[in-house]
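# Descriptive structure summary
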Amino acid sequence: MMPKTIWPLLGLIILLLRFAPDASAGEPTVELPRSAQPFSVGENIVLNGLPMRMRGFRSSESVDVLVTWFTQGLGSPVVENRLGNTIVLGKAVGEYYVTVQLEPDRNGVRGLTAVSNLVAADEMRSVRNERSERLRLGLPHGSRVISDMVSEDRGKQSWHVVVENTQSEQINTGRILALMTQEGFALEHESSAVSALDGTATPALGDARTLYFKGKGKEAMATVARDEFSRTVIVINTISALSTYP
């Protein structure tokens, strides 16, 4: 599951892209300081139809030092936004948008960089719409896709989707079982537990029902729970070998 610290960056990317200019340029790279220790967060990510390359890192330097370093490296003009203790830097580079997220922790700073391709987003919108429509048709009437993210890493592809509707947990569970069976998954077991579903953009949830599935070269997990507004929230995660992903 994707680390929850990524979500502030992803949300801000969507906001900043509204103001990015339309121009042609090669894909930019984001250089890391010598103090940075990089880690993988997925080779390729597509969030709500927006493709991006992301990289995580840790540094023992202060946020202020890193802000100065990245601002100079990206070049003027750089947009700076603060979300609590998190700082996000953004810059339009031709048909791409570059963002850097910096968040202090007890070991220094945890950072994320992302390069988003605006032109490819237009080309991939139909793929995302088709996948979302197939999902909505399988779920109860009135279902709304909140977030749709596909990522690739080490020869596998994962899909993380968040959906909400006003139907009961029982109705949603039945529809999910039918939908997953149609997609080639078999139910392995089911559990009920209190869960906050860390890593999603949804509010903390109460009692949750989690379904675990297996298929040929793939596996999945679906969680169904009610939020504080009496809506049902469904979170589906699938992991498949790239050659078997639908």
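The coordinates are above.
Reference entry: report on the structure contained in this document. (Residues numbered from 1 in each chain as written. Predicted model: local features only at pLDDT ≥ 70, side-chain atom pairs only at ≥ 80, totals over all residues. Heavy atoms only, no water.)

## Description of helix α3 (residues 118-138)
Residues spaced three or four apart along an α-helix point in a common direction, a consequence of the helix completing one turn every 3.6 residues. For α3, which comprises 21 residues, the first-to-last C-alpha distance of 30 Å matches the rise-based estimate of 30 Å (1.5 Å per residue) to within 8%. Along its length, α3 shows its largest kink, about 45 degrees, at Met 124. (Helix = DSSP H or I, 4+ residues; strand = E, 2+ residues; numbered from the N terminus. Expected span 1.5 Å × (residues − 1). Bend = angle between axes of the 7 residues up to and from the residue.)

## With respect to helix α4 (residues 169-182)
For α4, which comprises 14 residues, the first-to-last C-alpha distance of 20 Å matches the rise-based estimate of 20 Å (1.5 Å per residue) to within 8%. For α4, every residue scored as buried is listed here: Asn 172, Thr 173, Ile 176, Leu 179 and Met 180. The buried side chains of α4 occupy one side of the element, clustering within an arc of 130 degrees when seen end-on. Counted as exposed and oriented over 90 degrees from the buried face of α4: Gln 170, Thr 181 and Gln 182. Following α4 by one or two positions, Gly 184 has its phi on the positive side, about 90 degrees. (Buried < 20%, exposed > 50% of the residue type's maximum accessible area, 1.4 Å probe, protein only. Arc of directions from axis to C-beta.)

## A few points about the pairing of strand β5 (residues 86-93)
Within β5, six of the eight residues are buried, leaving the element largely enclosed by the surrounding structure. Here strand β4 (residues 79-83) runs beside β5; their pairing, made up of five bridges, is antiparallel. Residue pairing for β5: Arg 82 is matched across the bridge by Ile 87. Connecting the antiparallel pair β4 and β5 is a turn made up of two residues, with Gly 84 showing a positive phi of about 65 degrees. Note that β5 and strand β6 (residues 96-105) share seven bridges and pair antiparallel. Each bridged residue has a counterpart across the sheet, and for Ile 87 the counterpart in β6 is Leu 102. (Pairing = 2+ DSSP bridges.)

## Section: the packing of aromatic side chains
Per the counting criterion, the structure on display carries two aromatic pairs. Summarising the aromatic geometry, the rings of Phe 57 and Phe 70 are spaced 5.7 Å apart at their centres and angled 40 degrees between planes, so their arrangement reads as tilted. Within this pair, whereas Phe 57 is found in strand β3 (residues 50-59), its partner Phe 70 is found in helix α2 (residues 63-74), the two being separated by 13 residues in sequence. The exposure class of Phe 57 is buried, given its relative accessible area of 0%. Of the residues examined, Phe 70 reaches a relative accessible area of 2% and is grouped as buried. Look at Trp 69 and Phe 70: their rings are 5.3 Å apart centre to centre, the planes differ by 80 degrees, and that puts the pair in the edge-to-face class. (Phe/Tyr/Trp six-rings, centres within 6.5 Å; stacked < 30°, edge-to-face > 60°.)

## Thoughts on the pattern of salt bridges
Taken as a whole, this structure holds 11 salt bridges when the rule is applied. Residue Glu 164 pairs with Arg 231 through a salt bridge whose shortest N-O separation is 3.1 Å. Of the two residues, Glu 164 sits in strand β9 (residues 156-165) while Arg 231 sits in the loop between β12 (218-226) and β13 (232-241), which places them 67 residues apart along the sequence. Relative accessible area serves as the criterion here: at 13%, Glu 164 is assigned to the buried category. Residue Arg 231 is classed as partly exposed on the basis of its relative accessible area of 29%. Connected via shared salt-bridge partners are Arg 144, Glu 164, Asp 227 and Arg 231. (Salt bridge = Lys/Arg side-chain N within 4 Å of Asp/Glu carboxyl O.)

Keep in mind that these numbers describe shape and distance, not what the molecule does.
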